[in-house]
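Chain by chain, the residues:
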Amino acid sequence: MKVLVISSVKTHPTDLGSSKFIVEYCNLIRSLGHDVYFLHIVCYAVNKGNILRIERDRQETAKIWGDHYYEYKESLFSFIRRRLLLVYRKHFCKSYLHCDDKYYIGLASYVQRIVRKDHIDACLVNYFWLTKVFLHLDIRKKGIITHDAYSFYRQRNPNIMTDLNLRPEEEAKALQRCDYVFAMQDKEATLFNYLAPKSIILKSYCSSKINIQPQVGNHHLLFFSSEWQPNILGLQWFLHDVFPHVRDRFPDCKLVIGGSICTELKWLNEKPGIELLGYVEDPADFYRLGDVVINPTFSGAGLKIKTIEAISFGKVVVSHPHSVEGIFCKDKAPVLVAEDPEEWVGHFEKCWHDNSFIGNMKDMDRAYLQEMNQFILSQYQEFLSECK
């Protein structure tokens, strides 16, 4: 069975949570015996830095996918249309988009040619603005990977500057074009059941390979992240409210930060006890640097992918309560939850004073991931079952 995945987000390099997520579910679909093709929408860019970044991502993604790779290059006209609509919505619609405002002109015709050429059986689009393609597509299975819920997004996340903000009727319009809707977490699944009552609502979470690493035995705290605004805000809070107390209790403690977030943290270069690694090609190399991972992000929605990623490497995860909301079986999750500084320091003491604690957490990490991956597998099996 042939599945076409459509996305304006590249898959490689996997330095973004959304990129890693797409790669993981494509691998899962392959593991079920299906053939996966990737249509990469290459957005038009005018800024030199963006042009270079987009071209790098395009080349890397094309290299990985080989003869299963397609790309659709957005036209200048489509780009101008999208930008003008954003300005109009901002000034005349209180920044509420219509669900098709970010759609790429001409995409449907290109997808139709791929479907006919490769005899595609099922199609998955990423994000609401691509669902318009389904209005022009005669195909057996139509699904959306939502990545988040966008109804009243800016009201729910006032600290995040984004144009991805819909009224519920617009999100409903997009979702109802899809036979299957994959929610990223439980609360979103409940919402989507109301917005798209005739669609089948599934939960995608994010499957993750189990890569349990040996115990390191140092006093390092790890934070691996993109430059997404909620991650920066969460880290700033941790540095101001928690880290000084940790250093008082463990003077040799070092906070090691990796990922593209480092480009926004150059002011930390001279701070004692902090190391910025920048871009890390293989996350496994980063996670080998310590036993304890922090996730202090207290805002934003979608999937808390860094929490799951750290668990997959057998790390002890200490997290703000927000960053475990919506994950698979939250009450079973092997995550230490902390909100005030005393709780954070108490969890670090537990990790570094009891030699058996970290080993026991690794066993819990493995069991949790096995159960979660099996559930996610069942969700994609339901989507693809009738297409075998």
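Below: a short report on this structure.

Conventions and cut-offs
- The residue numbering used here restarts from 1 in each chain and proceeds along that chain's sequence as written.
- Per-residue local features are limited, in this predicted model, to residues with pLDDT of at least 70; the limit for side-chain atom pairs, both in listing and counting, is 80 or more; totals at the level of whole chains, interfaces and linings are taken over all residues.
- Neither water nor hydrogens contribute to the side-chain values; these are computed over all heavy atoms in the structure.
- Patch criteria: residues need more than 30% relative accessible area and no salt bridge. Like-charged residues are merged within 9 Å; nonpolar side chains of Val, Leu, Ile, Met, Phe, Trp and Tyr are merged within 5 Å.
- All accessibility values rest on the Shrake-Rupley procedure with a 1.4 Å probe; residue burial counts only the protein chains present in the view.
- Salt bridges are identified by distance alone: a Lys or Arg side-chain nitrogen within 4 Å of an Asp or Glu carboxyl oxygen.
- We score Asp and Glu as negative and Lys and Arg as positive, and we do not count His or the chain ends.
- Every charge is mapped to an atom, namely NZ of Lys, CZ of Arg, CG of Asp or CD of Glu.
- Only DSSP runs of H or I with at least four residues qualify as helices, and only runs of E with at least two residues qualify as strands; both kinds are numbered from the N terminus onward.
- Between buried and exposed lies partly exposed: a residue is buried under 20% and exposed over 50% of the maximum accessible area for its type, with that area taken using a 1.4 Å probe on protein chains only.
- The set of buried Ala, Val, Leu, Ile, Met, Phe, Trp, Tyr and Cys residues whose side-chain atoms join them within 4.5 Å is what this entry labels a nonpolar core.
- It only takes one pair of heavy atoms within 4.5 Å for two residues to be counted as in contact.
- The pairing criterion is simple: DSSP has to find at least two bridges between the two strands.
- Every axis in this analysis is a line fitted to C-alpha atoms, fitted for helices over the stretch in contact. Angles between the N-to-C directions lie between 0 and 180 degrees.
- Only Phe, Tyr and Trp rings take part, Trp by its six-membered ring, and two of them pair if their centres are within 6.5 Å. Stacked means planes under 30 degrees apart, edge-to-face means over 60, and tilted covers everything else.
- Lysine and arginine charges are scored as sitting over a ring when NZ or CZ, respectively, is within 6 Å of the ring centre and within 35 degrees of the ring normal.

A contiguous patch of negative charge on the surface is contributed by E339, D340, E342 and E343. Note on placement: E339 falls in the loop between β13 (335-337) and α12 (341-353). Note on E339: relative accessible area 48%, which makes it partly exposed.

Another aspect to go through is the nonpolar core. Membership of the largest hydrophobic core comes to 99 residues, with the highest contact counts inside it found for L4, I6, Y25, L39, L107, V111 and Y380. A total of eight residues in this core trace back to one element, the largest contributor, which is helix α13 (residues 355-384). Excluding residues within four positions of it along the chain, Y380 makes contact with F21, Y25, L28, I29, L32, I145, F182 and S204.

It is worth spelling out the sheet that holds strand β3 (residues 69-73) at this point. Read from one edge to the other, the open sheet built from seven strands follows the order β3-β2-β1-β4-β5-β6-β7, with strand pairing classed as parallel. Two strands in the sheet have a free side with no partner beyond their single neighbour: β3 and β7 (200-203). Ignoring strand direction, the axes of neighbouring strands in this sheet form an average angle of 20°. Here three bridges tie strand β5 (residues 141-145) to strand β6 (residues 180-183), and the two strands are oriented parallel to one another. Following the sheet pairing, I145 is matched in β6 by F182. Packed on one face of the sheet, helix α2 (residues 48-65) meets β2 (35-42) and β3 and runs near 165° to β2.

This part is about the packing of aromatic side chains. Evaluation of the coordinates by the stated rule reveals 28 aromatic pairs. Summarising the aromatic geometry, the rings of Y25 and Y380 are spaced 6.0 Å apart at their centres and angled 15° between planes, so their arrangement reads as stacked. Note that Y25 is positioned in helix α1 (residues 17-31) and Y380 in helix α13, a separation of 355 residues in sequence. Relative accessible area serves as the criterion here: at 1%, Y25 is assigned to the buried category. Look at F238 and F243: their rings are 6.2 Å apart centre to centre, the planes differ by 35°, and that puts the pair in the tilted class. For F243, a relative accessible area of 5% puts it in the buried group. Every member of this aromatic cluster is reached through a ring pair, and the members are W237, F238, F243, F250, W344, F348 and W352. Positioned over the ring face of Y96 is R167, at 3.9 Å from the centre of the ring.

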